[in-house]
Amino acid sequence: MKSKYQEYIQLNLTQIAGDVLDAWEKDNTFERSITNREGKPTFVFYEGPPSANGMPGIHHVISRTLKDLVCRYKTMRGFQVKRKGGWDTHGLPVELGVEKLLGITKEDIGKKITVEEYNATCRREVLKFKDKWDELTQKMGYWVDLDHPYITFENNYIESLWWCLKELYKKGFLYESVSIQPYSPAAGTGLSSHELNQPGTYKDVKDTSVVAMFKATKNDRLKIENADENIFFLAWTTTPWTLPSNLGLTVGTNIDYVLIKTFNPYTHLPVNVILAKALINKYFKTENENGDFSSYDETAKLIPWKILKEFKGKELEGLTYEQLLPGEANTLEKIREITPGAQPFKVVTGDFVTTEDGTGIVHTAPAFGADDFKAGKKNNLGILTLVDKEGKFVDGVGEFSGRFVKNYKDDPNYTDVNVDISVKLKKENRAFKVEKYEHNYPHCWRTDKPIIYYPLDAWFIKTTAAKERMIELNNTINWKPASTGTGRFGNWLENMVDWNLSRSRFWGTPLPVWRTRDDTNHYSRLNQPKIDSIKIPSYEICIGSKQEFIECTREIENKSQIFNGFFVNIQKINNDSNLLKSILDKWQENYDFEKTDPYTYVYTKELYNLIESNQKITLENLVDANLKSHHLKEFLARITENDLENIDLHKPTIDNIIFSNHDGEILVRVPDLIDVWFDSGAMPYAQWHFPFENQEEFKKNFPADFIAEGVDQTRGWFYTLHVLAALLFDSVAYKTVVSNGLVLDKNGVKMSKRLGNIVDPFETLEIFGPDATRWYLITNASPWDSLKFDLEGIKEVQRKFFGTLYNTYQFFALYANVDGFTFKEKYIPVKERPEIDQWIISSLNSLIESVTKNLDDYEPTQAGRAIEYFLDEHLSNWYVRLSRRRFWKGEYENDKICAYQTLYECLQALSMLIAPIAPFFADWLFTNLNTVTKKLSQESVHHTDFPTTDSGLIDMELEERMQLAQDISSLILSLRKKVNLPGGQIGIKVRQPLQKVIIPAIDDSFAQKIKMVEDIIKSETNIKEVDILQANNNFIKKKAKANYKTLGKKLGAKMKWAAEKIQQLGDDDITRVLQGDFILNTDYEQKKESPIIITAEDIEVSTNEIPGFEVAVKGNLTVALDIILTENLKNEGFAREFINRIQTLRKEKNFDLTDKIVVNLVNDEVAMLPINEFNTYICAEILADKLEFVPKLVDGITIDVNNHSLTVTVTKKAK
RNA sequence: AGAUCCGUAGCUCAGCCUGGUUAGAGCACUACACUGAUAAUGUAGGGGUCACCAGUUCAAAUCUGGUCGGGUCUACCA
């Protein structure tokens, strides 16, 4: 045990952190903080996995500080808080990084580089910066288990994901469907929403837009005089290339439409058009309404128009129209070939229609828009995809066939087909307005070409099936801030769509669905999408575990079917193509595929071709050719138990696994991978390899009590966690979620590598230390507000908060070491200590209460600010300042011990209170204190219990009194500064004692309060007496002010008048108001008004005038200072000034605090009187044994006391 | 385009929920003081159209509606 408190020369936060970190590592402090709490209730925290293929930034420090502080706090509150780390390792960012590294594009994968090599690179690259992350984690003091993290690419992890998927599959929540997705014809690939949200993808472009005229077919409902013929629906589009694929027009049910008689501005033919009433102004000039039709010709500038009729959208529903751009490829027959029974070319209703743009009638091409697709499906419009995957028109679209809808090939001679379409429509009297339109349109970030929306096959999770339940569950979640939960997240849930799960990529969790060749698949290869959703082909299995590779059982048509798993040796097939050929030959002998099975025929022929031309054969080729497992037995190996351990569940290994059913039909895996968000959303289960292992562990750790991430995860991780918990376990995944805001640079701009305004977290931690950095991040702004990160702010925290705390400790250590205080004396009950001790302990307990409440509420900013306030305003600037003398004066007896015990308690409590936010400094402070006193058995502050409030020690009245003392002292000091002395001198130094201060009391209790703190005021301001003027004196003048709150309610409009009146009330009137009723409008009878009666509660009384004194006022507090300096006071002032000079000399000479000294002065008339008069006092202050005047001094030093020179010697007395 | 957060002193933020009197802190700046905690501290000063507009009200930084600016998320935009 040390007997002395460690003292330091200078505060070095970085060094403290380093030392403490070493100690933590040596003592396994983190591990023990968890094992210590074995058997205690658990507090469950989930770590959102970061991706380690990028460097950590300062913004990671904030969310991790937040997570860490909550976990540390809960640990100190007695919970066991396990924190498993994790790594997000799949996904696009990783793939893109690797592609950049290898200098390849997606198309090269499988060609220039094998999938195997590619994935191996991803696996290697993904944890590239793991060391850096681990370093950051440690240096910033983030306690998380780095030794047993979950890693999303590990087999066990993937297996759990598969279990989840199979559960969803069994419930019918996992389905395949065609959907309209962003697609880049230039790159030949679909794009994820993530890719679409890369910076710079949305660009303002000018496109040719056209308002097309769809001619209505004759119909009774449209039978209108003079308008039976030539009725057109106007519909606007910015993508004229979608017009040949048009199959419907969508109107809004409740939108008002009008039928207008006018002329086509291009052809000048009389037409009647239908559009939304709200949009008339867009196409017609008001002044031309009901213009002259008869004189109109093509030279006329003004086009007359008039409204013939109005409809609601509902009334238009079901009307039909003539196809706009008929061709061979889009005849009704063709449409019905693809979508049997389709009823296209009619008006339907949809809630997505607005009157913001266009005409209020939406041109609907189901293949090229998600809304269109939905509308098409709902109304049986059919589907037409007259543009192929390269982005050009297919055959049979007349003169447009073969033309690219945008310039995808960088053809210098490209002419815009959209313009040509518009021209054609103009000529045919089918265009009402053609113009360039500037809008924001997404582009493929890789090729910089505009994307199109295109139907693609995809797998979905049917989140919409549980929408209501998910909203219900969300309402039980504690969101910080609440608005994110109800707003951003709640809204998102309300507008939920099914989760598009599939990704056509290479590095990710494979979708574990195997199926037989089915003809619908061929559809898509023939460039037509499947329309039937949720259609399960006859043989399809979803694999939920590795075990099922050996054998998977599935109920099909009420029969249990067994599927066996095999490895396919593709290499052998390719090496031994003769063997394959002979198998094919033998099989073909017995069948005439050309007649019985045209698909098999086509694909068998293709397979022969491949063999003959010595090209690579894939598994797909074999399955297409309809080969069965018994045909291929030479190339297959049954999967056994022994294999299971080593199967890599990634591509391409997994794609070489097939299943066969009892007929030998082969099932191959569908090519998709799953969205990486599924990886992270399933971490509650997958991190434990649930349900294959750790079932108990899982139960104890689900759902989470708390998670926290950036607000950008709201629709990312927070959403996927929520979806999976709701669908799989009908539960929330987390009870509290804190979403923190962004970290911006000091100018409020988002940090990005591009702008070079990134703050390096390592450098920051190195320079300022982790504690100051964490404290700054937490207290500067609420976690959910975006934070303008400024290093100056950390500096301020360092100096102001940690500097002050360090100084306070240093002060304590200095004197405690002198006096040998080690808390060995009996504990003195707080109630028996001096009032100032009781006060600071009361404040401390109030602080504990507030910190606890705020941390329980996940409001760390408030907690931190409360601690700052306490330390600065209460402990340092008041308690220590006022108590200073108690520490260094007098004997080591009761009062001094009280002071030590009190300050010690405050420091110890502070070390605990700040422990969650500033873990290193807290432990440093705690250990410095505790190694000497051994008050607590724990070796680390993080193993202690968080302080609890002792409400018996809180004395609100005392705290109020002390506040009063502080305010009064502050007023007196300001008066001292202000007063003018006769000699022209401004201000009186605090060292110069003054006789008295006068404080008028509004009432008796106020007087009583001041009385109780008068000693403090006297010593703090160096004043001899405090004169309290009782309430009922005649000396002071009262002033009244209206209480707007109470009076406002009573008086309303008369308030202003009353306020002025009250302002003017004299002393007597005020007294009467205070004593009872008072009528403000004395002339109410004359004016026939009702009397305005005011009572004590309606006015606030203050005194701001004391005749003959200079006064200072703050609120209802007034002080007046007596500034007359008597000889006696002057002498004392002189003595104190002299003390100050000697003390400075002591310090300059580096004497110890306890050194006794001898002081000699050269005889001096001026100094003689005061110094002799206060000799004893001076000696006590400066620790002098002797203070004498002598005639002459050798080596004397000249000092200046109140503008008077003195020669002195100060010598240390031999011990 | 929708949702959401933000806009108060040169800077960082309180105050807004629950309307009320002269809108507060800290930093920075200036001056003066204090001093055995001293790279600390105190006092004073300058510095604000509380983004803008309208409304409700006796009274608006605060409540309501809108506009503008900034951030973020989401998006399928005809």
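Residues numbered from 1 in each chain as written. Chains lettered and ligands numbered in written order. Predicted model: local features only at pLDDT ≥ 70, side-chain atom pairs only at ≥ 80, totals over all residues. Heavy atoms only, no water.

In the annotation of an unreviewed UniProt entry, the entry for chain A reads Isoleucine--tRNA ligase, and the organism field reads Ginsengibacter hankyongi. In its Cofactor (unreviewed entry) section, the UniProt entry covering chain A states "Zn(2+)". UniProt, in its Subcellular location (unreviewed entry) section for chain A, records the words "Cytoplasm". (UniProt positions renumbered as here; feature names shortened; annotations may be inferred.)

Turning next to the protein's contact with RNA strand B. The environment of RNA strand B is made up of 67 residues, and the closest members are Val362, Tyr453, Asn780, Arg991 and Arg1146. Counting only atoms of RNA strand B within 4 Å of the protein, the fraction found in sugar and phosphate groups is 58%. Contacts to RNA strand B include Asn1140, whose side-chain N or O atom sits 3.5 Å from a phosphate oxygen. Ranked by residues supplied to the surface near RNA strand B, first place goes to helix 28 (residues 791–819) with seven residues. (Near = heavy atom within 4 Å. Polar contact = N/O pair within 3.5 Å; in protein donor to acceptor, adjacent residues only side chain to side chain. Helix = DSSP H or I, 4+ residues; strand = E, 2+ residues; numbered from the N terminus.)

Fine structural detail should not be taken from predicted coordinates in areas where pLDDT scores are low. The pLDDT averaged across chain A works out to 83; a share of 92% of its residues lies at or above 70. Confidence scores differ between elements of chain A, with helix 16 (residues 519–525) showing the lowest mean pLDDT of 43 and helix 2 (residues 29–35) the highest of 95. Across residues 520–536, where pLDDT falls below 50, the model places 36 contacts with residues more than four positions away in sequence or in other chains. Across the interface, the model reports ipTM at 0.81; the global pTM reads 0.82. (pLDDT = per-residue confidence, 0-100. Contact = heavy atoms within 4.5 Å.)

Under the defined criterion, the tally for this structure stands at 57 salt bridges. With a closest N to O distance of 2.9 Å, Glu709 and Lys67 form a salt bridge. Of this pair, Glu709 sits in strand 26 (residues 704–710) while Lys67 sits in helix 3 (residues 58–76), placing them 642 residues apart in sequence. Lys67 shares its class with Glu709; the two are buried. Glu428 is paired through a salt bridge with Lys424; the nearest N and O atoms lie 3.5 Å apart. Given the relative accessible area of 22%, Lys424 is considered partly exposed. (Salt bridge = Lys/Arg side-chain N within 4 Å of Asp/Glu carboxyl O. Buried < 20%, exposed > 50% of the residue type's maximum accessible area, 1.4 Å probe, protein only.)

To characterise two packed helices, one gives the angle between the axes of the helices and the distance between these axes. Relative orientation of the contacting elements helix 27 (residues 761–780) and helix 32 (residues 919–933) amounts to 115°, with a least axis distance of 7 Å. Taking contact as the criterion, the partners of Pro770, Asp771 and Arg774 in helix 27 are, on helix 32, Pro919, Phe920 and Phe921. (Axes fitted to C-alpha atoms, helices over the stretch in contact; angles between N-to-C directions.)

Of the positions making up helix 6 (residues 130–139), those classed as buried are Trp133, Asp134, Leu136 and Thr137. One side of helix 6 holds all its buried residues, which, seen down the axis, span an arc of 160°. Here the buried face of helix 6 lies against helix 3, strand 1 (84–87), strand 2 (145–151) and helix 27. Positive phi shows up at Gly141, right after helix 6, with a value of about 80°. (Arc of directions from axis to C-beta.)

A separate point is the sheet that holds strand 27 (residues 734–740). The three strands lie next to each other as 15-27-26, forming an open sheet whose pairing is parallel. Each of the sheet's edge strands pairs with one partner strand only, and the pair in question is strand 15 (478–480) and strand 26. The sheet shows a mean angle of 15° between the axes of neighbouring strands, direction not considered. Relative to strand 27, strand 26 runs parallel, the two being bridged by six bridges. Note that in strand 27 the partner of Gly710 across the bridge is Asn740. Lying over the sheet, helix 3 contacts strand 26 and strand 27, oriented at roughly 165° with respect to strand 26. Where helix 26 (residues 717–729) meets the sheet, it contacts strand 15, strand 26 and strand 27, and its direction lies at approximately 150° from that of strand 26. (Pairing = 2+ DSSP bridges.)

This brings us to unusual backbone geometry. Between Lys651 and Pro652 the backbone carries a cis peptide bond, its omega angle lying at -5°. A cis geometry characterises the amide bond from Phe690 onward to Pro691, with omega recorded as 0°. Following the sequence through the fold, Pro691 ends up in the loop between helix 24 (683–686) and helix 25 (695–700). The phi dihedral of Asn694 is positive, around 55°, even though this residue is not glycine. By relative accessible area, Asn694 is classed as partly exposed at 35%. With a phi close to 50°, Lys934 is a non-glycine residue in the positive phi region. The residue Lys934 is located in the loop between helix 32 and helix 33 (956–978) in this model.

All right, on to the sheet that holds strand 41 (residues 1204–1212) then. Hydrogen bonds between backbone groups are what pair the strands of a sheet, and the pairing can be parallel or antiparallel. Taken in spatial order, the four strands line up as 39-38-41-40 in an open sheet, and their pairing is mixed. Strands with a single pairing partner mark the edges of an open sheet, and in this sheet they are strand 39 (1184–1190) and strand 40 (1197–1201). Direction aside, the axes of adjacent strands within the sheet are offset by 30° on average. Taken together, the five bridges between strand 40 and strand 41 define a ladder with antiparallel strand orientation. Within strand 41, the position partnered with Ile1197 by the bridge is Val1208. Against the sheet, helix 40 (residues 1127–1148) touches strand 38 (1157–1162), strand 39, strand 40 and strand 41, its axis set at about 140° to strand 40.

On the surface, a nonpolar cluster with roughly 220 Å² of combined accessible area is contributed by Leu814, Val818 and Leu1153. Along the chain, the position of Leu814 falls in helix 28. The exposure class of Leu814 is partly exposed, given its relative accessible area of 31%. (Patch = residues over 30% accessible without salt bridge, like charges linked within 9 Å, V, L, I, M, F, W, Y side chains within 5 Å. Areas by Shrake-Rupley, 256 points an atom, 1.4 Å probe, with all protein chains shown as cover.)

In this structure, Tyr5 and Phe812 are the most contacted members of the largest nonpolar core, which totals 129 residues. In terms of nonpolar packing, the next biggest core, distinct from the first, is built from 74 residues, Leu165, Ile550, Ile707 and Val723 among them. (Core = buried A, V, L, I, M, F, W, Y, C linked by side-chain atoms within 4.5 Å.)

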